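# Observations on the model geometry
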Amino acid sequence: MKSSFIFLQIFIHENWIKLGEKLDEIAPFKEDALTFMTNSGTEAVETAIKLARYHTKRTNFIGFTGAFHGRTMGAVTFTASKAKYHGGFYPLMNGVTHAPFPNPYRPVLERRKGEDYGEAVVRYIEDEILHQILPPKDVAGILVETIQGEGGYIVPPDGFYPALRKLCDKHGILMILDEVQCGMGRTGKWWAIEHFGVEPDMITSAKGIASGMPLGACIARKSVMDWEIGTHGNTYGGNPISCAASLATIDLIENGYMQNAAEVGAYAMEALEEMKSRHPSIGDVRGKGLMIGVEFVRDQETKDPAHHLTERVVDLGYERGLLMLSCGKSVIRIAPPLSMSKSEMDEGLRIFEEALTVAEKEGKK
Ligand SMILES: Cc1ncc(COP(=O)(O)O)c(C=O)c1O
């Protein structure tokens, strides 16, 4: 049983201690975890960036195309899902180089024989970035959304994280996972990285951690969170109300919702795969648990993104009482509450298909 966490703010309260202990218990690494509580996801990412620099005494980072990590100056530098998030805000933070996110549906790099596409991306990072642009001894961390959210609900191939872990170990680089969107039971496990059998050095969380109350967390290996008290801090992070909301949320996730996410997610994936066979505009269905992306294309061969159709499906669903949100160029994300029942999912999928059928008949792609 792991036992320790740290107080990095001036005053502490009981629910803060309980939450720190709980996060230590569920953190996706064997080593003890220390947590810094924040007010939001972007602040959790800022914390990770600062801690990585402080701990490694290195300055630079690698991020990924399509990423979304927030909009404060450090986090938004890594964010690379829409150019408008950067436009008007230069100069951004120094020292971030972007690599292509391992998107198996839309690969941009060549794969070698015997290699999966995730391994090909790690080879690119090593051979092209670390060898030709950025010396590894200057790289503090690699920051990546375990499953990419805003960029299109993209699940990396199985080989990606084991290869990335090896690369990080080889060069003393920290592996920092942003699980603000994909963590906290959403994929049917506490953390999405648990699907890949790899332990990160740091993880960021927010969103589902307190059911909508403002709370985020930067959870690090104890040996990594080695800054002195007062080096980093805030006023409201880990406030009593958000910590109470988080403890209640974690209790619900642990006692049924995580299992439900796995079951209802698998059920929905099967239904969507069937739907794909009826609708040529569905190019890809992917996901883990209740984090599912449906990608629309003009043509299954060319995979030309069907942007207008995607937005039309969102609007037609809205008119019928179903809230949907797009991501990437032409993807609809299915990320309902973890409490969703199979019959509620059936109802949602029925409206989704009805909206899609109407949009396809209208012929706008
Ligand atoms: C993966 C990821 N990281 C960070 C953030 C930023 O979180 P917040 O909006 O709480 O600052 C988001 C928000 O959508 C996110 O999806």
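Up top is the structure.
Residues numbered from 1 in each chain as written. Predicted model: local features only at pLDDT ≥ 70, side-chain atom pairs only at ≥ 80, totals over all residues. Heavy atoms only, no water.

### Digging into the site of the ligand
Taken together, the neighbourhood of the ligand is formed by Ser40, Gly41, Thr42, Phe68, His69, Gly70, Glu145, Asp178, Val180, Gln181 and Lys207. Within the backbone of Thr42, one N or O atom sits 2.9 Å away from an oxygen atom of the ligand. For the ligand, a nitrogen atom lies 3.4 Å from a polar atom in the backbone of Phe68. Protein chains shield 79% of the accessible area of the ligand, which is 380 Å² for the free molecule. Considered class by class, the residues forming the shell around the ligand number 2 nonpolar, 6 polar and 3 charged. (Near = heavy atom within 4 Å. Polar contact = N/O pair within 3.5 Å; in protein donor to acceptor, adjacent residues only side chain to side chain. Areas by Shrake-Rupley, 256 points an atom, 1.4 Å probe, with all protein chains shown as cover. Nonpolar A, V, L, I, M, F, W, Y, C, P; charged D, E, K, R; others polar.)

### Structural notes on the pairing of strand E6 (residues 202-205)
Burial along E6 is two-sided: Met202 and Thr204 facing one way and Ile203 and Ser205 facing the other are all buried. Looking at chain direction, E6 and strand E7 (residues 216-221) are connected through 4 bridges and run antiparallel. Bridge pairing in E7 links Ile203 to Ile219. (Buried < 20%, exposed > 50% of the residue type's maximum accessible area, 1.4 Å probe, protein only. Helix = DSSP H or I, 4+ residues; strand = E, 2+ residues; numbered from the N terminus. Pairing = 2+ DSSP bridges.)

### Some thoughts on the packing of aromatic side chains
Summed over the entire model, instances satisfying the criterion amount to 8 aromatic pairs. Judged by centre distance (4.8 Å) and plane angle (70°), the rings of Phe160 and Tyr161 are edge-to-face. You can call Tyr161 buried: its relative accessible area is 0%. Through a chain of ring-to-ring contacts, three or more aromatic side chains come together here, namely Phe64, Phe101, Phe160, Tyr161 and Phe196. When the ring centre of Phe196 is taken as reference, the NZ or CZ atom of Lys288 above it lies at 5.8 Å. The ring of Tyr105 carries the charged tip of Lys303 above its face, separated from the ring centre by 4.3 Å. (Phe/Tyr/Trp six-rings, centres within 6.5 Å; stacked < 30°, edge-to-face > 60°. Lys NZ or Arg CZ within 6 Å of the ring centre and 35° of its normal.)

### Thoughts on the side chain of Glu145
With respect to the element layout, Glu145 can be found in strand E4 (residues 139-145). One buried charge, Glu145, has no salt-bridge partner; the nearest side chain with opposite charge is Arg333, at 7.7 Å. Discounting residues that sit within four places of it in the chain, Glu145 has contacts with Gly66, Ala67, Phe68, His69, Phe101, Glu150, Tyr161 and Asp178. (Lys, Arg positive; Asp, Glu negative; His and termini not counted. Salt bridge = Lys/Arg side-chain N within 4 Å of Asp/Glu carboxyl O. Contact = heavy atoms within 4.5 Å.)

### A short note on the sheet that holds strand E11 (residues 331-334)
Strand pairing within a sheet occurs via backbone hydrogen bonds; the two strands may be parallel or antiparallel. One open sheet holds the 4 strands; their spatial order is E8-E9-E11-E10, and the pairing between them is antiparallel. Looking at strand neighbours, the two that pair on one side only are strand E8 (282-288) and strand E10 (325-327), the edges of this open sheet. The mean inter-strand angle of the sheet, taken between neighbouring strand axes irrespective of direction, is 30°. Strand direction decides the pairing type here: E10 and E11, joined by 3 bridges, are antiparallel. The residue of E11 that forms the bridge with Cys327 is Val331. Where helix H6 (residues 240-278) meets the sheet, its contacts fall on E8, strand E9 (291-296) and E11, and the angle it forms with E8 comes to roughly 170°. (Axes fitted to C-alpha atoms, helices over the stretch in contact; angles between N-to-C directions.)

### What to know about the pattern of salt bridges
According to the stated counting rule, one finds 23 salt bridges in the structure shown. For Arg165, the salt bridge goes to Asp201, with nearest N and O atoms at 3.0 Å. With Arg165 in helix H5 (residues 160-171) and Asp201 in the loop between strand E5 (174-178) and E6, the pair connects residues that are 36 residues apart, well separated along the chain. The two residues Arg165 and Asp201 agree in class, both being buried. In this structure, Glu199 and Arg221 form a salt bridge, with 3.8 Å as the shortest nitrogen-oxygen distance. In this pair, Glu199 is assigned in the loop between E5 and E6 and Arg221 in strand E7, connecting sequence segments 22 residues apart. Linked by salt bridges that have partners in common, Lys30, Glu31, Arg165, Asp169, Glu199, Asp201 and Arg221 make up one network.

### Some points on helix H1 (residues 14-26)
Between the first and last C-alpha of H1 there are 19 Å, a value that for 13 residues agrees with the 18 Å anticipated at 1.5 Å per step. Residues Trp16, Leu19, Gly20, Lys22, Leu23, Asp24 and Ile26 constitute the buried set of H1. If you follow the buried residues of H1, they end up packed against strand E1 (33-38), E7 and H6. (Expected span 1.5 Å × (residues − 1).)

### Section: the sheet that holds E4
Judged by pairing direction, the sheet is mixed, and its 7 strands sit side by side in the order E1-E7-E6-E5-E4-E2-E3 without closing on themselves. At either end of the open sheet lies a strand with only one pairing partner, and these are E1 and strand E3 (96-99). Taken pair by pair, the neighbouring strands of this sheet meet at an average axis angle of 20°, ignoring direction. The pairing of E5 with E6 spans 3 bridges and is parallel. Each residue of the ladder has a partner; that of Leu177, found in E6, is Ile203. Packing against the sheet, H1 makes contact with E1 and E7, and its axis sits at approximately 130° to E1. Contacts between helix H4 (residues 117-132) and the sheet are confined to strand E2 (60-64), E3 and E4, with E2 contributing the most and set at about 140° to the helix.

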